[in-house]
Amino acid sequence: QVQLVESGGGLVRAGGSLTLSCTTSGSAFGISAVDWYRQAPGKQRELAARMTSGGTTVYADSVKGRFTISRDNTGNTMYLQMNSLQPGDTGVYYCNADVIIAVANVRNVWGQGTQVTVSS
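Conventions used here
- Residues numbered from 1 in each chain as written.
- Predicted model: local features only at pLDDT ≥ 70, side-chain atom pairs only at ≥ 80, totals over all residues.
- Heavy atoms only, no water.
- Helix = DSSP H or I, 4+ residues; strand = E, 2+ residues; numbered from the N terminus.
- Buried < 20%, exposed > 50% of the residue type's maximum accessible area, 1.4 Å probe, protein only.
- Polar contact = N/O pair within 3.5 Å; in protein donor to acceptor, adjacent residues only side chain to side chain.
- Contact = heavy atoms within 4.5 Å.
- Pairing = 2+ DSSP bridges.
- Core = buried A, V, L, I, M, F, W, Y, C linked by side-chain atoms within 4.5 Å.
- Disulfide = S-S within 2.5 Å.
- Salt bridge = Lys/Arg side-chain N within 4 Å of Asp/Glu carboxyl O.

Caption draft 1: Highlighting the side chain of Thr114. Among the structural elements, Thr114 can be located in strand β11 (residues 114-119). What makes Thr114 buried here is its relative accessible area of 11%. From its side chain, Thr114 meets the backbone nitrogen of Gly9 in a polar contact 3.2 Å long. Discounting residues that sit within four places of it in the chain, Thr114 has contacts with Glu6, Ser7, Gly8, Gly9, Leu20, Gly91, Val92 and Tyr93.

Written out as structure tokens, the structure reads:
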């Protein structure tokens, strides 16, 4: 079965940086698109950043200019580079990716989530 493994979360001070990764496992040939969601304590889940299958990136106003999506050369890993982190960025971050498993066969898969905590 195709799975998506997240890593890179942790505790950082305000102004610091973290890079999250989202990597395929199992019978996968690459990632064609990815959404990065986050859920802050006591709030509903929100879309923080998106990369479409055409390579276009879209960012929420709250993270624009600070967060950047990229992919590795193999196409198996997507990254979320987070700079100038603020306490308001604290939450659980989830990747949701379209994973290529065969010709004309793409499956939507969720990562397990990773905790990001930013201290003041």
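Caption draft 2: The pairing of strand β10 (residues 105-110), seen in detail. Relative to β10, strand β9 (residues 91-102) runs antiparallel, the two being bridged by 6 bridges. Residue Asn96 lies in a different strand from β10, and its bridge partner there is Trp110. Counted between consecutive antiparallel strands, the loop separating β9 from β10 contains 2 residues, among which Ala104 sits at a positive phi close to 60°.

Caption draft 3: View of the nonpolar core. Ranked by internal contacts, the top residues of the largest apolar core, which has 29 residues, are Trp36, Leu80 and Met82. If you list the elements that add at least two residues to this core, you get β3 (18-25), β4 (30-39), β5 (46-51), β7 (67-71), β8 (77-82), β9 and β11. Element by element, the count of residues in this core is highest for β9, at 5 residues. If we ignore the near neighbours within four places in the chain, the residues touching Leu80 are Leu18, Thr19, Leu20, Trp36, Ala49, Phe67, Thr68, Ile69 and Tyr93.

Caption draft 4: Inspection of the state of the cysteines at higher detail. According to the stated counting rule, one finds 1 disulfide in the structure shown. Here Cys22 pairs with Cys95 through a disulfide, and the sulfurs are 2.1 Å apart. Handedness of the Cys22-Cys95 disulfide follows from its S-S torsion of about 75°: it is right-handed. Here Cys22 is found in strand β3, whereas its partner Cys95 is found in strand β9, with 73 residues between them in sequence. Cys95 carries the same exposure label as Cys22, and that label is buried.

Caption draft 5: Structural view of the pattern of salt bridges. As enumerated under the stated definition, the model contains 5 salt bridges in all. For Asp35, the salt bridge goes to Arg50, with nearest N and O atoms at 2.7 Å. One end of the pair, Asp35, is in strand β4; the other, Arg50, is in strand β5, and 15 residues separate them in sequence.

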